[in-house]
Amino acid sequence: MKIVNINKDWEFEKEGEKSRVSLPHTWNGLDGQNGANGYYQGKCVYRKTLPGEKKICYIEFNGANSVAEVSVNGKKVGEHKGGYSMFRFRIDPFLDKEENLLEVSVDNTVIPEVFPTSADFTFYGGLYRDVNLIYAGETRFSLDDGSRYAVRAVPARQGDSWVIDVKTSISGANADTVCLYELKDADGITVARSTRPSDNPDDILSISSPHLWNGVKDPYLYTLRCTLVKNAKEIDEREINVGFREIEFDSEKGCFLNGEHIKLKGVSRHQDRENLGNALTLKEHEEDINLILEVGANSVRLAHYQQAEEFYTLCDKKGLLVWAEVPVITIYSKARQQNAEEQLTSLIKQNINHPSIFCWGIENEITLSGERNKKLVAGLNRLNDIAHSLDPSRPTACAQVAMAKPDSLLNRLTDILGYNHYFGWYMQTVNALDKWLDDFHKTNPSVKLCLSEYGAEAVIGYYSENPVQGDYSEGYQALYHEHYIDAVNKRDWMWGSYVWNMFDFGSAARNEGGVRGRNNKGLVTIDRKIKKDAFYMYKATWSDEKFVYITAKRYPDRVVGTTKIKVYSNLPEVTLKADGYEKTVKADRIFVFDDVPVKKGDNDVVVIAGKYKDSFTVNGVDKLPESYAIGKGVPILVRNWFGTDGTLKDDCLSVNDRVRDLLDNDEAQSMLKLAAGNTVKKWYVKLLRPFRIRTLLKIAGIDPQMTDIINGFLQTIKKH
Ligand code: GCB
């Protein structure tokens, strides 16, 4: 097999305009993030000339969002639906001229039969991952069985020793060719070996007392080298990482890796980056992994879809436990069931060998609009069964929307469960979390629960000495996370939690905190340049790397008198020195100095913890700069609606208004787009204009809690 990367130099046509581009490429790198006027969702074409070919040749696309049609010299080669999985087509029969025109049309229009149709992230269109040509011989590891390597090698413990169940798919198998398996340790020493006929290649390899893959502590990998040998000559080969590990979940005791208790300290990651959109290279993947390791996480939720092969491989190497999932999200429809099954099958077949992946997520917040759809449970059961039959070794998971009732059928459908909770951001206060968790566990003692999401927005630039919910400050985000991580750590029965999100990400329809087109719940900004204060709270909680960090350094202007300075550190004692002031505080991670003197002009502040130091200069002023607070009239979704006490603000929209009142209001329009994407037909909306929102929600079976939330959102929008 020979792999030739063909990323360089494609003709790209968008709306009749042609240009030259190299892959990875998206046409939404800018408009998918600036939120100005929506983003381009339509069909674009990539073209390239390929030479004639007589040898067997496949073309491999590692990601084309979301529907791709491939043709050569005007003849259709194939079509793929689903923007996140790898796919291949054999093309040599089409490469019959000296020069052949390869055309790939890629379309990111939302269509009902392909997931996702509606979600809080930008559906960047394009050929955004590598494209390769793969040349192979008559007898070869299959290139069209839907897997990546044609070899599935899943280790399992059997008593005191371990076995690797190897299943291999070979095309053109024949009696002269054998398949040789060699398992090598990290030093390249062969520790197990076997030979099988190529027409019956499956095998079970045994190894006693292997060096275990033990998460971030010791991500030890073996390599399974598989070769096809004909007349003593190697004619094809594959190399696969193998990690020996066992993971178990218990509804009272949490998670165990190789028999040892481990709390999954997780963050979630979307695959985009400022201005690049989803078109990433290894460099960006590596930067992300390094930041995730720096914060001290040992697990990552790769939301909400299949991510790049390189990223799963990096997780294998670094020991991060991965929650992998498909974009079965927000709104269920039978029309998308087949596509959901295909995307799940690809996710599993293409990634089954990664020891880092510990579960298959089959859905996220699929009941956002209620649980009424009669086909929903059957559809999800089918996905659950597919995951189990393709991979009996891993548990299935789902991430439930906050409003899903604790006794929901869906809570018992998968092997392990997550809930996405935003108490203290979208609803109520952070304290509501504790009661919800305890009530849930009491009524569902056998459910193995984690928090699959929780987060609050922080926009760089906002500061308050006393941060409050909804002020978009780094300070409030940090307080929110202080509460959540303590709540999780206090409860031994919870197996883990996932911060939403490690990084700010593009969400074209959003308009929050004065920032358009972005979800600002990251611990790190979308350009990966700024680690927000909450990042250091987690680092102090999770990481062994010693440090001391002064929060709110980005806001040096403080009112003359005294100021409160909060410091994060994973050392037990911190001393703060300022002009004429010195104080030592002993605490657990969070050190508060609430009486640091501030005089007009410069005030140098130094903190010391063991041999570590941090410092900054406070600038004493009479009044905090206006820019520190979120401006009045800034259109935001969440501001002011938390804690609605039942009284309605008459000058703002509410569920008592009619559809037409929302449609005639710009701000409400952008919110509707966020909620429904492009899935609602225009004529249908027209028909609904005279109806009251409350009535419609009732007819649609939306439960009262959700109606309250929608009302809360509407109450943030001024009528005009
Ligand atoms: C959720 C969704 C996630 C959103 C997040 C948010 O529950 O699963 O996709 O981005 O909430 O920030 O609202």
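The text that follows walks through the structure, step by step, so that each part is easy to find.

## A few points about the sheet that holds strand β10 (residues 99–107)
- What the six strands build is an open sheet, ordered β3-β2-β4-β10-β7-β8; its pairing is antiparallel. The sheet is open, and its two edges are formed by β3 (17–21) and β8 (75–81), each paired on a single side. Each adjacent strand pair in this sheet contributes to an overall mean axis angle of 20°, direction not counted.
- Across four bridges, strand β2 (residues 10–14) lies against strand β4 (residues 43–51) in antiparallel orientation. In the strand pairing of β4, E13 is matched with V45.

## Here's the deal with the nonpolar core
- In terms of nonpolar packing, the biggest core is built from 103 residues, with M502 and L523 touching the most fellow members.
- Both domains that meet at this core, namely domain 1 (2–138) and domain 3 (247–545), each give it at least three residues.
- Leaving out residues up to four positions away in the same chain, M502 has contacts with V267, S268, L291, I292, V295, G522, L523, V524 and F535.
- One finds Y46, V70, V72 and V77 within the second-largest nonpolar core, a separate group that totals 29 residues.

## Considerations on the packing of helix α7 (residues 474–490) against helix α8 (residues 533–542)
- Between α7 and α8, the shortest axis-to-axis distance is 8 Å and the interhelical angle comes to 25°. What the angle tells us is that α7 and α8 run roughly parallel. When you trace α7 past α8, the crossing you get is right-handed. On the side of α7, the interface is formed by E474, Q477, A478, H481, E482, I485 and N489, while α8 contributes D533, A534, M537, Y538, T541 and W542.
- Across the contact of α7 with α8, the residue classes tally to six nonpolar, four polar and three charged.

## Some words on the pattern of salt bridges
- Using the criterion set out here, one finds 51 salt bridges in the structure.
- Across the pair E457 and R510 runs a salt bridge whose closest N-O atoms are separated by 3.8 Å. Note that E457 is positioned in the loop between β33 (449–453) and α7 and R510 in strand β35 (residues 505–512), a separation of 53 residues in sequence. Take E457 and R510: they sit in the same class, and that class is buried.
- One salt bridge connects D622 with K600, and the closest N-O pair in it is separated by 2.9 Å. Taken together, the positions of D622 in the loop between β44 (612–621) and α9 (659–663) and K600 in the loop between β42 (590–598) and β43 (601–609) put the pair 22 residues apart, joining distant regions of the chain.
- Where salt bridges share partners, they join E182, R193, R225, E234, E237 and E239 into one cluster.

## Side note on the sheet that holds strand β19 (residues 203–208)
- Strands sit in the order β14-β15-β19 across an open sheet of three strands; the sheet is antiparallel. Looking at which strands have only one partner, the edges of the open sheet turn out to be β14 (151–158) and β19. The sheet shows a mean angle of 20° between the axes of neighbouring strands, taken without regard to direction.
- Relative to β19, strand β15 (residues 161–168) runs antiparallel, the two sharing six bridges. Bridge pairing links S161 to S208 in β19.

The rules we used
Residues numbered from 1 in each chain as written. Predicted model: local features only at pLDDT ≥ 70, side-chain atom pairs only at ≥ 80, totals over all residues. Heavy atoms only, no water. Pairing = 2+ DSSP bridges. Helix = DSSP H or I, 4+ residues; strand = E, 2+ residues; numbered from the N terminus. Axes fitted to C-alpha atoms, helices over the stretch in contact; angles between N-to-C directions. Core = buried A, V, L, I, M, F, W, Y, C linked by side-chain atoms within 4.5 Å. Buried < 20%, exposed > 50% of the residue type's maximum accessible area, 1.4 Å probe, protein only. Domains from an automatic or database assignment. Contact = heavy atoms within 4.5 Å. Parallel < 35°, antiparallel > 145°, perpendicular 65-115°, else oblique. Left-handed = near helix turned anticlockwise from the far one by under 90°. Nonpolar A, V, L, I, M, F, W, Y, C, P; charged D, E, K, R; others polar. Salt bridge = Lys/Arg side-chain N within 4 Å of Asp/Glu carboxyl O.

Geometry only, nothing functional implied.
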